[in-house]
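One-letter residues, chain by chain:
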Amino acid sequence: MAKPEGKPKPKLKLETVTFKVLRYDPERADRARFASYQVPVREGMTVLDGLIYIKEELDGSLTYRASCRMGICGSCGMVIQGRPRLACQTQILELESEVIQIEPLPNYPNIKDLVPDLEPLFAKHRQVRPYLIRQDTKEQEGPTGEYLQSPEELERFLQLSYCIKCGLCLSACPTVATDPEFLGPQALAQAYRFLVDSRDEGPAERIAAVDTEHGCWRCHFAGACTEVCPKGVDPAQAIQLLKRKVIAYSLGFGRRKRAAPISPLRPRPGIPKPPKRTVEPGA
Amino acid sequence: MMWIRESGWWLGFLIAGLVGFAFLAIHLGVFHLPGLLSGRPGSEVLSFPAAMERARSPSTAASYIVLLGALLYHGFYGLRGLLLELFPGRAARRAITWGAALIGMAVFAYGTYTTAVAARLAGG
């Protein structure tokens, strides 16, 4: 009987690995320097586990950001062995090296050690209005029901909605490296995600945000964003589709977007009622 | 230059590239693959009287001007894109856009003038 195929086991059997971490202290004269730590490893241990070991056992001053430890929160993005990755998703033994070099994400201001300031990512994300826009302002402020959507309509953007805003794509993007004003793969992919959402009525506002000198036209399709995305999102493709959408819109196609029908809220078996409002619309 | 959105300039860039490509295809068809488009043998197409006849033709001069405009636009838009990435900021953005437009138009005017003079000297 054939063995079930699984992930190939790492060839390297190591008892300890050296973590070579780029330390950065904004208050010190020698601001950036590499520090080495010996970390005992066992199968299944991630780079984040190694960093936790260093902080708890070797050097409490090491600073990094992490939360969920399961690739959901997007907090522990860092450059591991020259490639942006999530520390919690990177197995130490799969790197197959006795020395693991860890640096903070590039293309962001650094706060301390492995903690980048992700504010540029969130600011760019806000610019593309990453929420459903309804032309009826009353409906926008206080939705009266569910917006119906077919599985086919959902399929158009589902992959893009897996974005966890970890910021790896911006750190890998060569255009962001030279042009800090470029909106970047994360925001542009999310702009496309909402443009093709059948429940959205705000293409004009969103296209105005991306159809600029530093918007979608500056993407040269390097594809680095897609290469590093830990959730399998394909921002590079989304940006090319966004360009097509913007050109079609500027030529007058797709301007009259019909809103998805609203279905009034009604209790369904097995699904509890929504809680009462704590804040009234417009308060 | 704010009356046209970036998508308009980018679409122009795409069309200018296609125009350049079409002219290249015509040039190859007429001069380097004799008989394909002109229907005449190569020695005849490249002979001095044939070259002078083309130089006198207003349609040749007009096509050169269209080609010049398309390639200048395509090239300067690309250069502007490069510079915008290297020099961010609102002031730099305006300076780069206007600089590229003015230099491009000046070169286009000079190229158009020399094309017209050349056609005239050829007897057109």
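Note that the structure is predicted; figures quoted are calculated from it, not measured.

### Observations regarding the overall build of chain B
- Scanning chain B from N- to C-terminus turns up 5 helices and 0 strands.
- In chain B, the succession of helices and strands from N to C terminus is α-α-α-α-α.
- What you see for chain B is a C-alpha radius of gyration of 18 Å, clearly larger than the 14 Å of a compact globule of 124 residues, by over 25%.
- Along the three orthogonal principal directions, the C-alpha set of chain B runs to about 55 × 30 × 25 Å.
- Across the 124 residues in chain B, those meeting the buried criterion constitute 14%.
- Long-range contacts, defined as pairs at least 24 residues apart, comprise 65% of the intrachain contacts of chain B with a sequence gap of at least 6.

### Brief notes about the environment of Gln149(A)
All names here are of chain A.
- Along the polypeptide, glutamine 149 turns up in the loop between strand E8 (145-147) and helix H4 (151-155).
- In this structure, the C-alpha to C-alpha distance between glutamine 149 and valine 233, residues 84 residues apart in sequence, is 21 Å.
- Discounting chain neighbours no more than four positions away, the residues touching glutamine 149 are Leu154, Ser198, Arg199 and Ala260.

### Digging into helix H10 (residues 235-250) of chain A
- Its 16 residues place the ends of H10(A) 22 Å apart at the C-alpha level, agreeing with the 22 Å of an ideal helix rising 1.5 Å per residue.
- Pro235(A), Ala236(A), Ala238(A), Ile239(A), Leu242(A), Lys243(A), Lys245(A), Val246(A) and Tyr249(A) are the residues of H10(A) that are buried.
- For H10(A), the elements touching its buried residues are helix H5 (168-172), helix H7 (184-195), helix H8 (203-210) and helix H9 (224-228) of chain A together with helix H1 (6-32) of chain B.
- Following H10(A) by one or two positions, Gly252(A) adopts a phi angle in the positive range, close to 100 degrees.

### Structural notes on the interface of chain A and chain B
- In this complex, chain A contributes 14 residues to the contact, which on the side of chain B involves 12 residues.
- Looking at the side of chain A that touches chain B, the elements with two or more residues in it are helix H6 (174-178) and H10 of chain A.
- With 3 residues, H10(A) is the single largest residue contributor to the side of chain A that touches chain B.
- Partitioned by chemical class, the residues of the side of chain A that touches chain B number 4 nonpolar, 5 polar and 5 charged.

### Structural notes on the packing of H1(B) against helix H4 (residues 58-86) of chain B
Residues and elements named next belong to chain B.
- Viewed as axis vectors pointing N to C, H1 and H4 meet at an angle of 130 degrees, and their least axial separation amounts to 8 Å. With respect to each other, H1 and H4 are oriented oblique. Remark: the crossing between H1 and H4 carries left-handed chirality. Contact residues: Trp9, Gly12, Phe13, Ala16, Gly17, Val19, Gly20 and Phe23 in H1; Val66, Leu67, Ala70, Leu71, Tyr73, His74 and Tyr77 in H4.

### Points about unusual backbone geometry
Residue and element names in this part refer to chain A.
- Here glutamine 81, not a glycine, exhibits a phi torsion of approximately 50 degrees, which is positive.
- Looking at the element boundaries, glutamine 81 is found in the loop between strand E3 (77-80) and strand E4 (83-86).
- A tally of 15 C-beta atoms within 10 Å means that glutamine 81 is categorised as partly exposed.
- Positive phi is not limited to glycine here, since aspartate 113 has a value of about 45 degrees.
- By secondary structure assignment, the location of aspartate 113 is in the loop between strand E6 (110-112) and strand E7 (115-116).

### Regarding the domain arrangement of chain A
Residues and elements named next belong to chain A.
- Once the domains are mapped, chain A shows domain 1 (16-116) and domain 2 (119-250).
- A straight line from the C-alpha centre of domain 1 to that of domain 2 covers 30 Å.
- Tallying the contact residues gives 14 residues for domain 1 and 13 residues for domain 2.
- Top element by residues in the side of domain 1 that touches domain 2 is E4. It accounts for 4 residues.
- Residues belonging to the side of domain 1 that touches domain 2 are distributed by class as follows: 7 nonpolar, 5 polar and 2 charged.

### A look at the pairing of E3(A)
Residue and element names in this part refer to chain A.
- The alternating pattern of E3 places Gly77 and Val79 and Met78 and Ile80 on opposite faces, both of which are buried.
- Looking at chain direction, E3 and E4 are connected through 4 bridges and run antiparallel. In the strand pairing of E4, glycine 77 is matched with leucine 86.
- Relative to strand E5 (residues 99-103), E3 runs antiparallel, the two being bridged by 2 bridges. What sits directly across from valine 79, in E5, is glutamate 103.

### Some remarks on H7(A)
Residue and element names in this part refer to chain A.
- Spanning 12 residues, H7 covers 17 Å between terminal C-alpha atoms, matching the ideal 16 Å at 1.5 Å per step.
- Taking burial as the measure, the 12 residues of H7 include 12 buried ones, the bulk of the element.
- Turning to H7, its buried residues are Gly184, Pro185, Gln186, Ala187, Leu188, Ala189, Gln190, Ala191, Tyr192, Arg193, Phe194 and Leu195.
- Those residues of H7 hidden inside the fold are in contact with helix H2 (119-127), H5, H6, H8, H9 and H10.

### Observations regarding the sheet that holds strand E2 (residues 32-40) of chain A
Residue and element names in this part refer to chain A.
- Spatial ordering of the open sheet is given by E2-E1-E5-E3-E4, a layout of 5 strands whose pairing is mixed. Each edge of the sheet is formed by a strand with only one pairing partner; in this case those strands are E2 and E4. Strand-to-strand, the axes of this sheet are offset by a mean angle of 35 degrees, without reference to chain direction.

### Description of the environment of Val99(A)
All names here are of chain A.
- Here valine 99 lies in strand E5.
- Separated by 110 residues in the primary sequence, valine 99 and alanine 209 place their C-alpha atoms 44 Å from one another.
- Discounting chain neighbours no more than four positions away, the residues touching valine 99 are Thr18 and Lys20.

### Looking at the nonpolar core
Residue and element names in this part refer to chain A.
- Ala87, Ile102, Leu188, Ala191, Val210 and Leu242 are the most contacted members of the largest nonpolar core, which has 71 residues in total.
- Top element by residues in this core is H7. It accounts for 7 residues.
- Each of two domains, domain 1 (16-116) and domain 2 (119-250), supplies a minimum of three residues to this core.
- With residues near it in sequence (within four places) discarded, alanine 87 still touches Thr46, Val47, Leu48, Leu51, Ala66, Cys76, Met78 and Ile80.

Rules used in this analysis
- Residues numbered from 1 in each chain as written.
- Chains lettered and ligands numbered in written order.
- Predicted model: local features only at pLDDT ≥ 70, side-chain atom pairs only at ≥ 80, totals over all residues.
- Helix = DSSP H or I, 4+ residues; strand = E, 2+ residues; numbered from the N terminus.
- Rg over C-alpha atoms; globule rule 2.2 N^0.38 Å.
- Buried ≥ 20, exposed ≤ 12 C-beta atoms within 10 Å, placed from the backbone.
- Contact = placed C-beta atoms within 7 Å.
- Expected span 1.5 Å × (residues − 1).
- Nonpolar A, V, L, I, M, F, W, Y, C, P; charged D, E, K, R; others polar.
- Axes fitted to C-alpha atoms, helices over the stretch in contact; angles between N-to-C directions.
- Parallel < 35°, antiparallel > 145°, perpendicular 65-115°, else oblique.
- Left-handed = near helix turned anticlockwise from the far one by under 90°.
- Domains from an automatic or database assignment.
- Pairing = 2+ DSSP bridges.
- Core = buried A, V, L, I, M, F, W, Y, C linked by C-beta atoms within 7 Å.

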